[in-house]
Amino acid sequence: AAIADHYAARVGEINQFSIPGPDVNAQAQGTLALTENGASNLQVHFESSSLANVGELIGRPLKGSALVDATVTGNAGALQGAGTLEGCNIGYGENEELNLNTTFNVAIPDLQPGQARVTADSQATFLQLGGVEITELTANTTYSADRLEFNAEAQEGVGELAGRGAGIFHTHHQ
């Protein structure tokens, strides 16, 4: 790991952050301002050719490879992130997909993770979910305040299914 940076008065100047490795490569560069008046502009890059090895470290049954590129902007009042996620043969347990492309936006007002709002537009191909094979899945999702809203369309052969709805996660019951 290599870090060349300066942090003072809730503002970080990251000239170089790098974790190179055979299974994981992470990099960051730019400014992260956690003040009310500052301005962040932090570029983040993460890639893993073996999510299975990452999964072993965190105790989760991951598989495949992933690439994330994101930019963090804003400040303590309205920290934001936007980027892309690309996955290949990505999976969790018995659920997997051949290809995943997602654009996402994250907003964290007042640095309060419980108030975060995450939106994602995703497209996946050749999925295996709960024993069901799906050729293509397109989904628009929003997560905020323990609530997940979705609008999705799945295709399998000549069949197509569209659905929209919402679910509430009772995180305090875990």
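Treat the numbers as computed from the prediction; the structure is a model and nothing was measured.

What's the story with the overall build of the protein chain in this structure? I'm lost.
Each helix and strand counted, the protein chain has 1 helix and 11 strands in total. Each helix and strand of the protein chain, placed in order from N terminus to C terminus, yields the pattern β-β-β-β-α-β-β-β-β-β-β-β. With respect to the principal axes defined by its C-alpha atoms, the protein chain has extents near 55 × 35 × 30 Å. The 174 residues of the protein chain split such that 25% are buried. Across the protein chain, every contact between residues at least 6 apart in sequence was considered, and the portion connecting residues at least 24 apart equals 33%. Of the roughly 10,700 Å² that the protein chain leaves accessible, carbon and sulfur atoms contribute 55%.

Hey, could you run me through unusual backbone geometry in this one?
Excluding glycine, residues mostly have negative phi values, and the peptide bonds linking residues are mostly trans. Within the chain, Arg-10 stands out as a residue other than glycine whose phi angle is a positive 65 degrees. Relative to the helices and strands, Arg-10 is located in the loop between β1 (2-8) and β2 (11-19). By relative accessible area, Arg-10 is classed as partly exposed at 44%. For Ala-145, which is not glycine, the phi torsion reads 50 degrees and is therefore positive. You can see Ala-145 is positioned in the loop between β9 (132-144) and β10 (147-156). According to the relative accessible area criterion, Ala-145 is exposed, its value standing at 54%.

Hey, could you run me through the pairing of β10 in this one?
Looking along a regular strand, one sees side chains alternate from face to face of the sheet. Here 9 bridges tie β9 to β10, and the two strands are oriented antiparallel to one another. Considered in β10, the bridge of Asn-140 is made with Asn-151. Hairpin geometry of β9 and β10 is characterised by an intervening segment of 2 residues between the two adjacent antiparallel strands and by a positive phi of about 50 degrees at Ala-145. Relative to strand β11 (residues 159-168), β10 runs antiparallel, the two sharing 10 bridges.

How should I be thinking about the pattern of salt bridges in this particular structure?
It is possible for side chains bearing opposite charge to pair when their charged atoms get close. Under the defined criterion, the tally for this structure stands at 2 salt bridges. Across the salt bridge formed by Lys-63 and Glu-96, the nearest N and O atoms sit 3.0 Å from each other. With Lys-63 in strand β5 (residues 62-74) and Glu-96 in strand β7 (residues 95-109), this residue pair connects regions lying 33 residues apart in the sequence. The salt bridge partner of Glu-149 is Arg-147, with a shortest N-O separation of 3.0 Å. You can call Arg-147 partly exposed: its relative accessible area is 35%.

Reading guide: rules and limits
Residues numbered from 1 in each chain as written. Predicted model: local features only at pLDDT ≥ 70, side-chain atom pairs only at ≥ 80, totals over all residues. Heavy atoms only, no water. Helix = DSSP H or I, 4+ residues; strand = E, 2+ residues; numbered from the N terminus. Buried < 20%, exposed > 50% of the residue type's maximum accessible area, 1.4 Å probe, protein only. Contact = heavy atoms within 4.5 Å. Areas by Shrake-Rupley, 256 points an atom, 1.4 Å probe, with all protein chains shown as cover. Pairing = 2+ DSSP bridges. Salt bridge = Lys/Arg side-chain N within 4 Å of Asp/Glu carboxyl O.

Function-wise, these values are silent; they only describe arrangement.
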